[in-house]
Amino acid sequence: MAVARTSVTPGTRYRPVTGRPAIVWALLDAMLLARRSVLRTWREPQLIVFVAIQPVMFVVLFRYVFGGAIQVPGGQYVNYLMPGIFVQTVAFGGVITAIGLAEDMQRGLIDRFRSLPMSSSAVVTGRTVADLVRNLFTVVIMLAVGFLVGFRPGGTIFEFVLAILVLMGISFAFSWISAFIGLLVHTVEAAQSGGFIWLFPLTFASSAFVPVATMPSWLRGFAEHNPITVLADSLRGLFHVNPALTTADTRWALIQSVGWIVAILAVFVPLSVMQYRRSTAR
Amino acid sequence: MKNGYPIQAEGLVKTYGKVRALDGLDLQVEQGTLLALLGPNGAGKTTAVRIFTTLLKPDSGRATVAGYDVTREPDRIKSHIGLAGQSVAIDEYLTGLENLEMIGQLYHLSARDAKRRAFELVAQFDLIDAAGRVAKTYSGGMRRRLDLAASLVAIPPVLFLDEPTTGLDPRSRRQTWEVISALVVQGTTILLTTQYLEEADELANRIAVVDAGRVIAEGTSDELKNRVGGNRIEVAVAKDADLSRAAEVVRRHLSTDVSIDPHQRRVSGPSRDGTSQLAGLVRDFDAAGIAITDLQLHRPSLDDVFLTLTGHQAEQEKAAEPGWGRARRAS
């Protein structure tokens, strides 16, 4: 190895760019790391399966296997189902953040990043933003699949865009919860189980797949205020696919949804960044 | 960088629950030199590196890197250091070039500089052919080289290498040593941790032996060896019957303090003058008609140093690393 050929005095030839405010660096660093995570999805076929094919299987499963047996008030089950599946998909998609961060920790990448003069929020933000991009991609695929199996949203373009926006909002919020779990557990295996375990009761004890009215009263209280429920109901209202929802219902569901998004971010963004600053490989 | 030692620690203490990982560690590394932190697994080497690189905060004690305090000014330290940790910290799904470019940009080099520096490093580390392939496809040696290259992106004046050759084959290990030696020649101050005595012997200007979280001895390789004692001469005879007569000859030449190993038919004793005594011994063995199969002048190895200082072996993993874990060299 020709090592001594380039004789350089330490620190002389390359000077870091200076004079940018910390917030600008935080954004630039985060974008750099988000790009890295998105590239990874493209280069690892298993992840493509996870983000694209698994949600499609859920659609088929609920639409054709369980769907026939599920009664929804005033309308077709496929129209009731799809908004629920959208929310479930972005929630599950956030687990990639937990797995990715745990993996970075195990490999010692977090140690390296923490030794660099970069923004300390960027590693986590990069992961959550990458999830957002992936989830948007997944939602586009699911809209197409939904259309194929009979999903027909109504409403205006404005309502449609608003629906996608709140969906991406909750996607981002869930990714931050996931980030905190990933930084807490230290191993990929634990991130995988820990990342999913809380999502199962949350998605199934909600209006994602079945109306909450059929649930026993003790469960209904939880299900009605569950973020998955209020998100799914917001989408149903905005897509005009559930005649049982009035405009007032939709508005209230939307307010609760935004409330959940803001509350989750307000708690888990600082919590995750704090945890990142204390994390090192074992 | 401010004046004083580029790396300095006074009384560092770090506990994990009941375990005292560091128990009053004192350390100084002079400008442009390499100090090897030598010790067994669990001696506190990695904990020390993590404190210097601002990843961990000490419970008590003081440490400065490049003149900045690790607890008060961690952000200033970060732009003066490079770190290659124990595990290979590269992104498997990025190419070699992309990895280095990303690190460059995270050091806040301009995109153009980051790219230029990445090209320089792949050339320097013999990774040109693989530069466009994702790191997942790299061999163990190539990953290590890429990892080391990543720690050098910013041309840091102070470098921390935590067991940089663990798990490498002898050839890659030799290559890594060349890179590290060249960096010291160029003026980089390096703290390197290792459990390989041979590695410390080969690379370090000074060696600090750590055990149970504190430095138990410090000096050059020669100084440490002298602490254990001087040279020894060791002779092996061909016939069992000659052993006691050989011991008599050795006693006459060296000292009464000889040790005899009947199984190996070896006799050894301390030697003050080294080589000049060898000649006399050979003549007398010849005159007495004693056939010898081996005659060696030993300098104590760092292995001996470690054993003497701590009362236990340095390398607990030597069984897992056959062949080159503790190459004892008679010189």
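Residues numbered from 1 in each chain as written. Chains lettered and ligands numbered in written order. Predicted model: local features only at pLDDT ≥ 70, side-chain atom pairs only at ≥ 80, totals over all residues.

Peer 1: I would appreciate a short explanation of the overall build of chain B in the present structure.
Peer 2: Secondary structure summary: chain B contains 11 helices and 14 strands in total. Expressed along its principal axes, the backbone C-alpha trace of chain B runs to roughly 80 × 45 × 35 Å. The 331 residues of chain B split such that 46% are buried. A separation of at least 24 residues holds for 68% of the contacts in chain B among residues at least 6 apart in sequence. (Helix = DSSP H or I, 4+ residues; strand = E, 2+ residues; numbered from the N terminus. Buried ≥ 20, exposed ≤ 12 C-beta atoms within 10 Å, placed from the backbone. Contact = placed C-beta atoms within 7 Å.)

Peer 1: What am I meant to see in the nonpolar core here?
Peer 2: Nonpolar side chains tend toward joint burial in soluble globular proteins. With 149 residues, the main nonpolar core has V87(A), A36(B), F52(B), V65(B) and L191(B) as its most contacted residues. Sort the elements by how many residues they give to this core and helix α7 (residues 157-185) of chain A lands first, with 13 residues. If we ignore the near neighbours within four places in the chain, the residues touching L191(B) are I7(B), V29(B), L35(B), L37(B), V49(B), F52(B) and F160(B). With 11 residues, the next largest nonpolar core counts V249(B), V267(B), L281(B) and F285(B) among its residues. (Core = buried A, V, L, I, M, F, W, Y, C linked by C-beta atoms within 7 Å.)

Peer 1: Looking at this model, I keep getting lost on the sheet that holds strand β8 (residues 189-194) of chain B. Mind explaining?
Peer 2: Pairing between the strands of a sheet comes from backbone hydrogen bonds, and it takes one of two forms, parallel or antiparallel. All names here are of chain B. Taken in spatial order, the 6 strands make up an open sheet running β6-β7-β8-β3-β9-β10, and their pairing is mixed. Unpaired on one side and paired on the other, β6 (81-84) and β10 (214-219) mark the two borders of the sheet. With direction set aside, neighbouring strand axes in the sheet form an average angle of 15 degrees. Running at roughly 150 degrees to β8, helix α1 (residues 45-52) makes contact with β3 (34-38), β7 (158-162), β8 and β9 (206-211) of the sheet. Lying over the sheet, helix α5 (residues 140-151) contacts β6 and β7, oriented at roughly 165 degrees with respect to β6. (Pairing = 2+ DSSP bridges. Axes fitted to C-alpha atoms, helices over the stretch in contact; angles between N-to-C directions.)

Peer 1: Quick question: what am I supposed to make of the interface of chain B and chain A here?
Peer 2: Interface size is commonly expressed as the accessible area that is lost once the parts come together. Across the boundary between the two partners, chain B contributes 43 residues, which contact 33 residues of chain A. Those elements that place two or more of their residues in the side of chain B that touches chain A are α2 (74-78), β6, α3 (96-106), α4 (111-124) and α6 (170-185) of chain B. The biggest single contributor to the side of chain B that touches chain A is α6(B), with 5 residues.

Peer 1: Would you mind going over the pairing of strand β4 (residues 60-65) of chain B with me for this structure?
Peer 2: Along any regular strand, the residues point their side chains to alternate faces of the sheet. Residues and elements named next belong to chain B. Where strand β1 (residues 7-16) lies against β4, 5 bridges are found, and the strand directions are antiparallel. Residue pairing in the sheet places V13 in a bridge with S60 of β4. In this sheet, strand β5 (residues 68-69) lies alongside β4 in antiparallel orientation, the contact comprising 2 bridges. Residue T64 lies in a different strand from β5, and its bridge partner there is D69. Count of turn residues in the β4/β5 antiparallel hairpin: 2 residues, of which A66 carries a positive phi of about 55 degrees.

Peer 1: Please explain the confidence of the model for chain A as it appears in this structure.
Peer 2: Caution is warranted with low-pLDDT regions, since their predicted coordinates should not be read in detail. Within chain A, residue pLDDT values average 89, and 95% of them lie at 70 or more. The low-confidence segment residues 1-11 of chain A (pLDDT under 50) makes 26 contacts with residues lying over four places distant or belonging to another chain. (pLDDT = per-residue confidence, 0-100.)

Peer 1: Even after reading the chapter, I still don't get the sheet that holds strand β12 (residues 259-261) of chain B, so can you show me in this structure?
Peer 2: Residues and elements named next belong to chain B. Strand order in the open sheet made by the 4 strands is β12-β13-β11-β14, with antiparallel pairing throughout. Since the sheet does not close on itself, it has two edges, and those belong to β12 and β14 (292-298), each with one partner. With direction set aside, neighbouring strand axes in the sheet form an average angle of 15 degrees. Pairing analysis gives 6 bridges linking strand β11 (residues 231-237) to β14, with the strands arranged antiparallel.

Peer 1: Whenever I open this one, the environment of L109(B) confuses me. Can you help?
Peer 2: In this structure, L109(B) sits in the loop between α3 and α4. As a C-alpha pair, L109(B) and T310(B) span 201 residues in sequence and 46 Å in three-dimensional space. With residues near it in sequence (within four places) discarded, L109(B) still touches Y14(A), P16(A), G104(B), A114(B) and R117(B).

Peer 1: What am I meant to see in the packing of helix α3 (residues 77-93) of chain A against α7(A) here?
Peer 2: If you want to describe how two helices pack, look at the angle between their axes and the distance between the axes. Residue and element names in this part refer to chain A. The geometry of α3 relative to α7 is characterised by a closest axis approach of 8 Å and an angle of 30 degrees between their N-to-C directions. In terms of axis orientation, α3 runs roughly parallel to α7. Considering only the axes of α3 and α7, their crossing is right-handed. In contact with F86, V87, V90, A91 and G93 of α3, α7 contributes L167, I170, S171 and F174. Residues that form the contact of α3 with α7 fall into these classes: 7 nonpolar, 2 polar and no charged. (Parallel < 35°, antiparallel > 145°, perpendicular 65-115°, else oblique. Left-handed = near helix turned anticlockwise from the far one by under 90°. Nonpolar A, V, L, I, M, F, W, Y, C, P; charged D, E, K, R; others polar.)

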